[in-house]
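Now for the letters of each chain:
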Amino acid sequence: VVIVDLGLPGEQTSFKLREALLSLTEKNFEIELEVFLSHCHVDHILGFDNLKGFSNITFSSSPKTAQHINARDRATLLGMFGGGSIGYEVTKIYEHEEKLALGSEDLMVLHTPGHTDGCAVLYDRAAKALFAGDVVFAGGASGRVDLPTGDRQTLIQSLNALAKLEIKHLYSGH
């Protein structure tokens, strides 16, 4: 099972992620989970409490996102938005265009910096689906660039690269 982003702590989201996971896994706490973190902002990384009881979890991301999360540095925005605790380390790193296995399918990891310097998206070429994090939203809006490591020009370059993909399904972070 692959989860894209953890969101906020379960106590703030009525444990909706946990409920979905328990239903999907039929409460099999030994199932293999991979949590792919699209970027390092607090609203995407703090929901670790939703995974309580699961024992076979890998946390993955782009190299820069892993660096920020593992250092708990200012790019995570932990200090800006009241703190919070990250109860894990990112241990699996995906380079640009590396494949993330999802059962018999592969998702392509594409580095798309701009919203943060470590943003990455997952692209399912067969389904023409993009799991976009905060890089792009339905209707054409994009992630903000005024927070640490954000860069407008870099985001434009990332959006231009994504515009070349055939996308029928867009799953954004918000």
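Since the structure is predicted, the reported quantities are computational estimates derived from the model, not experimental observations.

Reading the values: rules and limits
- Residues numbered from 1 in each chain as written.
- Predicted model: local features only at pLDDT ≥ 70, side-chain atom pairs only at ≥ 80, totals over all residues.
- Heavy atoms only, no water.
- Helix = DSSP H or I, 4+ residues; strand = E, 2+ residues; numbered from the N terminus.
- Rg over C-alpha atoms; globule rule 2.2 N^0.38 Å.
- Pairing = 2+ DSSP bridges.
- Buried < 20%, exposed > 50% of the residue type's maximum accessible area, 1.4 Å probe, protein only.
- Right-handed = clockwise from strand over helix to strand, strands pointing away.
- Contact = heavy atoms within 4.5 Å.

*Asks:* Mind showing me how you'd approach the overall build of the protein here?
*Replies:* When helices and strands are counted, the protein shows four helices and nine strands. Tracing the protein from N to C terminus, the helices and strands come up as β-α-β-α-β-α-β-β-β-β-β-α-β. Scaling as 2.2 N^0.38, a compact globule of 174 residues should have a C-alpha radius of gyration of about 16 Å, and the protein matches this with 15 Å. Projecting the C-alpha coordinates of the protein onto the three principal axes gives extents of approximately 40 × 40 × 30 Å.

*Asks:* Teacher, can you tell me more about the pairing of strand β6 (residues 105–111) here?
*Replies:* When a strand is regular, its side chains alternate between the sheet's two faces. One ladder, built from four bridges, connects strand β5 (residues 99–102) with β6; its direction is antiparallel. Each bridged residue has a counterpart across the sheet, and for Ala-101 the counterpart in β6 is Asp-106. Between β5 and β6, which pair antiparallel and follow one another directly, the connecting turn spans two residues, one of which, Gly-103, has a positive phi of 60 degrees. Of the pairings in the sheet, the one linking β6 to strand β7 (residues 120–124) comprises four bridges and is antiparallel in character. For His-111, the partnering residue across the bridge sits in β7 and is Ala-120.

*Asks:* Just checking my understanding: could you explain the sheet that holds strand β1 (residues 2–4) for this structure?
*Replies:* Pairing between sheet strands relies on hydrogen bonds along the backbone, with the strands arranged either parallel or antiparallel. The strand order across the open sheet built from four strands is β1-β2-β3-β4, with neighbouring strands paired in parallel fashion. Each edge of the open sheet carries a strand with a single partner, namely β1 and β4 (92–93). Note that strand β3 (residues 57–61) and β4 share two bridges and pair parallel. Directly across from Ser-61, in β4, lies its bridge partner Ile-93.

*Asks:* Where do I start with the pairing of strand β2 (residues 33–36) in this structure?
*Replies:* Along β2, one buried face is formed by Leu-33 and Val-35 and the opposite face, lined by Glu-34 and Phe-36, is buried too. In this structure, β1 lies alongside β2, joined through three bridges in parallel fashion. If you follow Val-4 over to β2, its bridge partner there is Phe-36. The handedness of the β1 to β2 crossover, carried by helix α1 (residues 16–25), is right-handed.

*Asks:* Sorry, what's going on with the environment of Ile-86 here?
*Replies:* With respect to the helices and strands, the residue Ile-86 is situated in the loop between α3 (63–71) and β4. A relative accessible area of 9% means that Ile-86 is categorised as buried. Distance from Ile-86 to Glu-11, taken between C-alpha atoms, is 14 Å for residues 75 residues apart in sequence.

*Asks:* Teacher, can you tell me more about the side chain of His-44 here?
*Replies:* Here His-44 lies in helix α2 (residues 42–45). Taking the relative accessible area as the measure of exposure, His-44 reaches 2% and is therefore buried. Those residues in contact with His-44 that lie beyond four places of it in its chain are Asp-5, Leu-6, Gly-7, Leu-37, Ser-38, His-39, Asp-134, Gly-173 and His-174.

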